[in-house]
Amino acid sequence: MSDQSPYEKLGLSEDASFDEIQDVRNRLLEQHGGDGNVREVIEAAYDAILMERLRMRQEGKIKVPERIRFPEKRVPSSPQTSQTLGQQSPAWLQRSIDQPTLTDVLLPGAWYLGLSATSVLYPGGSGQVLQLSLVVGVAIGVYFLNRKEGKFGRAVLFTLVSLIAGLIAGGLLAGLILPLPLITLTANQFSTLLTFILMWLVSSFLR
């Protein structure tokens, strides 16, 4: 048994895929779970295979999936389509997109929801109230973006872009949506609401 290669100990060929190695290792551990000596042999062979492949990858001889990092832990693979899209995305886009926690989404969402309610419920949609709400919305967006990376200039830029884009898009869409029945918002209120939605998305999902 000691003269066998790690692949032979697991009953694998040297061109076995990572998934095949994982499956065989798990199956053998289930079969011999009560035998500590056999478990040690299985784990040692498994670790030796992964270490060898990682070394060969560093030398540029093979390409090992990114998820092979820790021999003792299997990292769930993401869908192939997601990997392909991520690999094709520009580097600047990958650096800008964030994977927020629930708190990162709900906190700015609560603020923007409150500002939206103020803008909609205030009688007549006063221009001063809407302007004040937008100023507060910009401050909130800058705060939450800056909190993530500590890049104040970047946070200001993204927030101002979302403000301008929201107001422009709101003005263009207002003529199409506001004539519909049951919609009692003014054009300024509609533009403000759309801007708050965009600001929330930017402050939550960008960095």
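The structure this text deals with has already been given above.
Scope of this entry: the structure provided in the associated data block. (Residues numbered from 1 in each chain as written. Predicted model: local features only at pLDDT ≥ 70, side-chain atom pairs only at ≥ 80, totals over all residues. Heavy atoms only, no water.)

### Section: the packing of helix H6 (residues 102-121) against helix H9 (residues 187-205)
Then comes step 1: Contact pair H6 / H9: the axes reach a minimum separation of 9 Å and the direction vectors enclose 170 degrees. Of the possible angle classes, the one that applies to H6 and H9 is roughly antiparallel. Each of Asp104, Val105, Pro108, Gly109, Tyr112, Leu115, Ser116, Ser119 and Val120 in H6 lies in contact with H9, whose residues at this interface are Gln189, Thr192, Leu193, Phe196, Met199, Trp200, Ser203, Ser204 and Phe205. (Axes fitted to C-alpha atoms, helices over the stretch in contact; angles between N-to-C directions. Helix = DSSP H or I, 4+ residues; strand = E, 2+ residues; numbered from the N terminus. Parallel < 35°, antiparallel > 145°, perpendicular 65-115°, else oblique. Contact = heavy atoms within 4.5 Å.)

### Looking at the pattern of salt bridges
Then comes step 1: Scanning the entire structure with this criterion turns up 2 salt bridges.
Then comes step 2: A salt bridge links Arg25 to Glu43, with the shortest nitrogen-to-oxygen separation between them at 3.1 Å. One end of the pair, Arg25, is in helix H2 (residues 18-31); the other, Glu43, is in helix H3 (residues 36-58), and 18 residues separate them in sequence.
Then comes step 3: Classification of Arg25 by relative accessible area gives buried; the value is 11%. (Salt bridge = Lys/Arg side-chain N within 4 Å of Asp/Glu carboxyl O. Buried < 20%, exposed > 50% of the residue type's maximum accessible area, 1.4 Å probe, protein only.)

### Considerations on H2
Then comes step 1: For H2, spanning 14 residues, the distance from its first C-alpha to its last is 20 Å, which sits close to the expected 20 Å at 1.5 Å a residue.
Then comes step 2: Elements that come into contact with the buried residues of H2 comprise helix H1 (6-10) and H3. (Expected span 1.5 Å × (residues − 1).)

### Some thoughts on a nonpolar patch on the surface
Then comes step 1: Where nonpolar side chains cluster on the molecular surface, the patch consists of Ile164, Ile168, Leu172, Leu173 and Leu176 and spans about 520 Å² of accessible area.
Then comes step 2: Along the chain, the position of Leu173 falls in helix H8 (residues 152-177). (Patch = residues over 30% accessible without salt bridge, like charges linked within 9 Å, V, L, I, M, F, W, Y side chains within 5 Å. Areas by Shrake-Rupley, 256 points an atom, 1.4 Å probe, with all protein chains shown as cover.)

### Structural notes on a negative patch on the surface
Then comes step 1: A cluster of acidic side chains, namely Glu8, Glu14, Asp15 and Glu20, defines a negative patch on the protein surface.
Then comes step 2: Within the fold, Asp15 resides in the loop between H1 and H2. (Lys, Arg positive; Asp, Glu negative; His and termini not counted. Charge placed at Lys NZ, Arg CZ, Asp CG, Glu CD.)

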